[in-house]
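Notes for the structure review
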Amino acid sequence: MMKKITIGLLSILATTAFAEIWMPRIFNDNMVLQAGMPNKIWGTAEANAKVVVDIAGKKITVKANDKGQWTVRTAKLKKSAKPVSFVVSENGKEQKNFKNVLVGEVWILGGQSNMQWTMKKTTDFEAAKGRINPNIRIFSQPASTMATEPKIEFHEKAKWNVADENSMPVASAVGYYFAEMIAKELKTPVGLVETPLGGSSMIAWISKEKLTTKALSENLAKFEKAQSTYNYEKAKAAHKAKLDKLSKDAKAKKWSKAEVAKKRSAIIRSTPNPVSVWRPQETPSYLWNAKVAPLAGFTAKGFVWYQGESDAGKGKVKSFAPTFKILINHWREAWGVKNMPFYFFQLPSFGTQSFWSDVRVSQQKVANEMKNVYMVPIVDSGDEKDIHPQDKTFVCKRLFALAMNKTYKKSAYKCDNAQFVSAKYNGQKVIVKFSKKIKANGDLRGFEVLIDKKWVAPTSLKLGGDSVEVSADSNIEGVRYLWKSWAKPDVCLFTVSSNFPVSTFTSVNKTK
């Protein structure tokens, strides 16, 4: 990947003829630099030029290499809601003078539509409008921009925005509510760097070189085969023909406006693009190339990820955990921070999706097996008929509690998450043990037992400290809890210390 990035860099240098300092758009007016950490600053200049970076009156001098590349790391910066100076000079001449730059907490946002979901579509939007905080800044990018190779520069429309009546309504709701809570608690500016795209699979956010598992490499090979014969002009003509046929059929068959809109939406969804034979959401690596590669290394406190819906299908569920681990390690490696904080949301409750329970278990597995990776348990949230729950404040309170405790080391915020530990089978009874003390909100429910290879309701449930006794009229071969996509009505077990919900689990008696 580095070779390809270097080629792109040389191209930029050639077109600018070494005329002046170039820096990617992430360094710009209204930005937020990370407090309490050395910030990585980079760009290009004239070959062998003397580059001076002056931030908050502290100067760092570096000599560009013979290709004009330069990188510096600042001293640790103190948080500041008052704009600090950020000036970059080349050979004694000022080239960049960024305005309205703050120092605070920076978080990278990734995932699909529930991360992209905007403030104006949430239940608390009207209240949020009355408390807009201009010390929250959002770096936004065009959602579906793609690239065939890793880029060093962002789309021309990518920019930092100060939170105001125009930018706040279209900001990531998960990001913004989280930022509000951090800003209030820590009395600090917050920078949010947005990357998500609705409907995107993990493979789109991983560079080609990292697509090494059997499932990922097979998907890549399938794409490359289709891409090798892709004719955009022909695809565009075929797409137009479909729309024309729809119009004719609608008139001839007298379809209602609703029917036409539904059919038209399905066709529009598959509108061809000049870059890829597949949609941006499924194209391997192309979102990484365009939206994350240019960002890699930008100093931040950590990552927040909300995704999984598009990788919860029958053909993907077995590879979910291995792929997710690759993605997490890959992003951390790109930032050069081995155990950079990585928070992600559990799949909430929704509809009748067959494999969401499997994915929830895989998500918990990843969190348990990786250092400084934490799952935000939200199985008790969601909307049965809408894959986009509009109450983003509720889930962000859980994220905030986790971040405060784990990353900001504030022990007053409780985030213990009781998990399934074991099931002790004894004929018609099984004792299910958890890692923490648990409580029941309402009647005990949500459990099923396996009897004669069929999952049925148990006859009784008894709670005791950190365990639940599950009974049936016949010998129990297995036990599970919340094994359904729409699990919210059956969520009853919560961790005593934090009030976090106990997550989905399944167990089969292997001694049978």
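Residues numbered from 1 in each chain as written. Predicted model: local features only at pLDDT ≥ 70, side-chain atom pairs only at ≥ 80, totals over all residues. Heavy atoms only, no water.

Helix and strand content of the protein chain: eleven helices and 23 strands. Computed over its C-alpha atoms, the radius of gyration of the protein chain comes to 25 Å, within 12% of the 24 Å expected for a compact globule of 512 residues. Residues classed as buried in the protein chain amount to 53% of the 512 residues present. Across the protein chain, every contact between residues at least 6 apart in sequence was considered, and the portion connecting residues at least 24 apart equals 76%. Summing over all exposed atoms, the protein chain offers an accessible surface of approximately 23,400 Å²; the carbon and sulfur share of this is 51%. Distance between charge centroids for the protein chain: 2 Å, based on 81 positive and 45 negative side chains. (Helix = DSSP H or I, 4+ residues; strand = E, 2+ residues; numbered from the N terminus. Rg over C-alpha atoms; globule rule 2.2 N^0.38 Å. Buried < 20%, exposed > 50% of the residue type's maximum accessible area, 1.4 Å probe, protein only. Contact = heavy atoms within 4.5 Å. Areas by Shrake-Rupley, 256 points an atom, 1.4 Å probe, with all protein chains shown as cover. Lys, Arg positive; Asp, Glu negative; His and termini not counted. Charge placed at Lys NZ, Arg CZ, Asp CG, Glu CD.)

On to the sheet that holds strand E14 (residues 420-426), then. Strand order in the open sheet formed by four strands is E14-E15-E20-E19, with antiparallel pairing between adjacent strands. Looking along the sheet, the strands with just one partner apiece sit at the ends: E14 and strand E19 (460-464). Neighbouring strand axes in the sheet, compared pairwise and without regard to direction, differ in orientation by 15° on average. Relative to strand E20 (residues 467-471), E19 runs antiparallel, the two being bridged by five bridges. Across the sheet, Lys462 pairs through a bridge with Glu469, a residue of E20. (Pairing = 2+ DSSP bridges. Axes fitted to C-alpha atoms, helices over the stretch in contact; angles between N-to-C directions.)

With that settled, the discussion passes to the packing of aromatic side chains. Applying the stated criterion across every chain yields a total of 31 aromatic pairs. On the numbers, 5.7 Å between centres and 75° between planes, the contact of Phe303 with Trp331 is edge-to-face. Residue Phe303 is located in strand E11 (residues 302-306), and its partner Trp331 is located in helix H9 (residues 320-335); the two are separated by 28 residues in the primary sequence. With respect to class, Phe303 is no different from Trp331; both count as buried. Between Phe303 and Trp335, the ring centres sit 5.0 Å apart and the planes meet at 90°, which makes this aromatic pair edge-to-face. Of the two residues, Phe303 sits in strand E11 while Trp335 sits in helix H9, which places them 32 residues apart along the sequence. (Phe/Tyr/Trp six-rings, centres within 6.5 Å; stacked < 30°, edge-to-face > 60°.)

Although it is not a glycine, Lys254 sits at a positive phi angle of roughly 55°. Position of Lys254 relative to the elements: it lies in the loop between helix H6 (232-253) and helix H7 (257-269). In this model, Asp452 sits at a positive phi of 55°, which is unusual for a non-glycine residue. Looking at the element boundaries, Asp452 is found in the loop between strand E17 (447-451) and strand E18 (454-456). Residue classification places Asp452 among the exposed positions, given a relative accessible area of 60%.

The next thing to look at is the nonpolar core. Among the nonpolar cores identified, the biggest contains 79 residues, and Phe27, Trp70, Phe86, Phe298, Phe324 and Trp331 are the most heavily contacted of them. Other than its neighbours up to four places away in sequence, Phe27 contacts Lys40, Ile41, Trp42, Phe86, Phe98 and Phe298. One finds Phe178, Val190, Val376 and Phe400 within the second-largest nonpolar core, a separate group that totals 40 residues. (Core = buried A, V, L, I, M, F, W, Y, C linked by side-chain atoms within 4.5 Å.)

Attention shifts here to the state of the cysteines. Scanning all chains against the criterion turns up zero disulfides. Of the cysteine sulfurs around Cys396, a residue in no disulfide, the closest is that of Cys415, at 16 Å. (Disulfide = S-S within 2.5 Å.)

The angle between the axes and the distance between the axes are what describe a pair of packed helices. Running from amino to carboxyl end, helix H4 (residues 173-186) crosses helix H11 (residues 392-406) at an angle of 50°, the nearest separation of the two axes being 9 Å. Judged by the inter-axis angle, H4 sits oblique to H11. In this structure, H4 crosses over H11, and the sense of that crossing is right-handed. Mapping the contact onto sequence places Ala173, Val174, Tyr177, Phe178, Met181, Ile182, Glu185 and Leu186 in H4 and Lys392, Thr393, Cys396, Lys397, Leu399, Phe400, Ala403 and Met404 in H11. (Parallel < 35°, antiparallel > 145°, perpendicular 65-115°, else oblique. Left-handed = near helix turned anticlockwise from the far one by under 90°.)

Here we take up the pairing of strand E4 (residues 58-63). In terms of strand pairing, strand E3 (residues 50-55) meets E4 through six bridges, oriented antiparallel. Pairing of Val51 across the sheet is with Val62, part of E4.

This is a description of form; function is not addressed.
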